[in-house]
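Residue strings, one per chain:
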Amino acid sequence: MIVRISTEGQYELSDADAEALNELDNEAVLACESGDATAFHATFDKMLELVRTHGHALDEDHLSGSDIILPPPDVSLEEARQEFQGEGLIPG
Amino acid sequence: MPGLSGRMSTVVKAKISKMLDRAEDPSETLEYSYQKQIELLQNVKKGIADVVTSKKRLQLQTEKLQQQVVKLDTQARQALAAGNEDLARVALERKNVAQTELQSLDSQVAELENQQQQMTASEQKLRAKIESFRSRKEVIKAQYSAAEAQVKISEAATGVGEEMADVGLAMQRALDKTENMKARASAVQELEAAGTFEDLTQIGSGEDDIDRQLRQLSSTSEVDSELAKMKAELGSGSAPQGALGAGDGSTTEGSGSGAQEQAS
């Protein structure tokens, strides 16, 4: 599964890691909905960390679309609230 | 639809399919797409130039303020030596304001430096993707039938299109931050224009609006302790030396800065 961290780059992530990412994403959505900035940033940082450490960075000249696109690392809660809604990153 | 991934991907894909629909001929699509990529790359370069210009402007302001700090300090000493404690206090209050400004300028210059690096990295990434797209399009044009080419183009265009959207986003964020700093920089310029950092010898005996505002802005305790320190340094032996210098700055270390020239 290809994951992009906005403004940073694309990573190839295993299905197991994508599953872990999805769980964190659900937490992030909950934090967003309750307006808890501290919880949101803590969870979102974990998501970034997971992708950066477990993911394999794609070459710069690699040409393919991403399955998941994460917001930029410096996203604010306010911006995230507009994006992280409903089902979260991975539908279904 | 779910969160960001869905939304952003949808926007990107919609834009790309619109682009692909526009041309019936695959090679035309390829050229159009390539042209768009080159345009974006030019925009990124302009964006970087914009950030560099803002950074240089802030650096110039920093230098000017540093000179002001030295000058105001010297003037405070001169005023104190001349027995004019009120004037010395005003000088120290202004020095205090200038120092606070300096600290915030320093962090802004660092932030812009960071922006510049990020945008330069984005530019390199986009350039690599465009180059990859360029060679891919030559292969597609040479090897595939029109129908097959359409599929291959779609794949390649999605990859490069997403990168383009992402670089666009990165650039927008960097420029938003730069805009905030520009506003800050012009606020400092307004302070200068309002005479906040001007040569104190030009000030009359009366207290004006700026003085009152300054008093509120600057930390009184800091000014007090600095004044006391300065007094101790000067010692009790220093007799009044008449009025404060005429402002020619001939005895002032580090003078000859912008504001002094403006004031004369």
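Asks: Please clarify how the overall build of chain A should be interpreted in this entry.
Replies: A count of helices and strands for chain A gives three helices and four strands. Across chain A, helices and strands are ordered from the amino to the carboxyl terminus as β-β-α-α-β-β-α. Of the roughly 4300 Å² of accessible surface on chain A, a fraction of 48% belongs to carbon and sulfur atoms.

Asks: What exactly am I supposed to notice about unusual backbone geometry here?
Replies: Of all residues except glycine, most have a negative phi; of all peptide bonds, most are trans. Residues and elements named next belong to chain A. Residues other than glycine seldom take positive phi values, yet T7 does so here, at roughly 65°. Relative to the helices and strands, T7 resides in the loop between strand 1 (2–5) and strand 2 (9–12). On the basis of relative accessibility, which here comes to 26%, the residue T7 falls in the partly exposed class.

Asks: Before we go on, may I ask you to explain the pattern of salt bridges in this structure?
Replies: Side chains carrying opposite charge are able to pair once their charged atoms draw close together. Counted under the stated rule, the structure contains 18 salt bridges over all chains. R52 of chain A is paired through a salt bridge with E8 of chain A; the nearest N and O atoms lie 2.8 Å apart. Separated by 44 residues along the polypeptide, R52 of chain A in helix 2 (residues 37–54) and E8 of chain A in the loop between strand 1 and strand 2 bring together distant segments of the chain. Note that R77 of chain B and E233 of chain B form a salt bridge whose closest N and O atoms lie 2.6 Å from each other. You can see R77 of chain B sitting in helix 2 (residues 26–81) and its partner E233 of chain B sitting in helix 6 (residues 220–234), a full 156 residues away along the chain.

Asks: Explanation requested: the confidence of the model for chain B in the structure shown.
Replies: Should the pLDDT be low somewhere, the predicted coordinates at that spot are not to be read in detail. All names here are of chain B. On average, residues of chain B score 72 in pLDDT, and 64% of them reach the 70 mark or higher. Summarising per-element confidence for chain B, the mean pLDDT is lowest in helix 7 (residues 258–263) (41) and highest in helix 3 (residues 85–143) (87). A low-confidence stretch, residues 1–11 (pLDDT under 50), is modelled with 29 contacts involving residues beyond four sequence positions or located in other chains. Here residues 238–264 is modelled with pLDDT under 50, and outside its nearest four sequence neighbours on either side it reaches 47 contacts, counting other chains as well. Predicted complex metrics record ipTM = 0.74 and pTM = 0.61.

Basis of the calculations
- Residues numbered from 1 in each chain as written.
- Chains lettered and ligands numbered in written order.
- Predicted model: local features only at pLDDT ≥ 70, side-chain atom pairs only at ≥ 80, totals over all residues.
- Heavy atoms only, no water.
- Helix = DSSP H or I, 4+ residues; strand = E, 2+ residues; numbered from the N terminus.
- Areas by Shrake-Rupley, 256 points an atom, 1.4 Å probe, with all protein chains shown as cover.
- Buried < 20%, exposed > 50% of the residue type's maximum accessible area, 1.4 Å probe, protein only.
- Salt bridge = Lys/Arg side-chain N within 4 Å of Asp/Glu carboxyl O.
- pLDDT = per-residue confidence, 0-100.
- Contact = heavy atoms within 4.5 Å.

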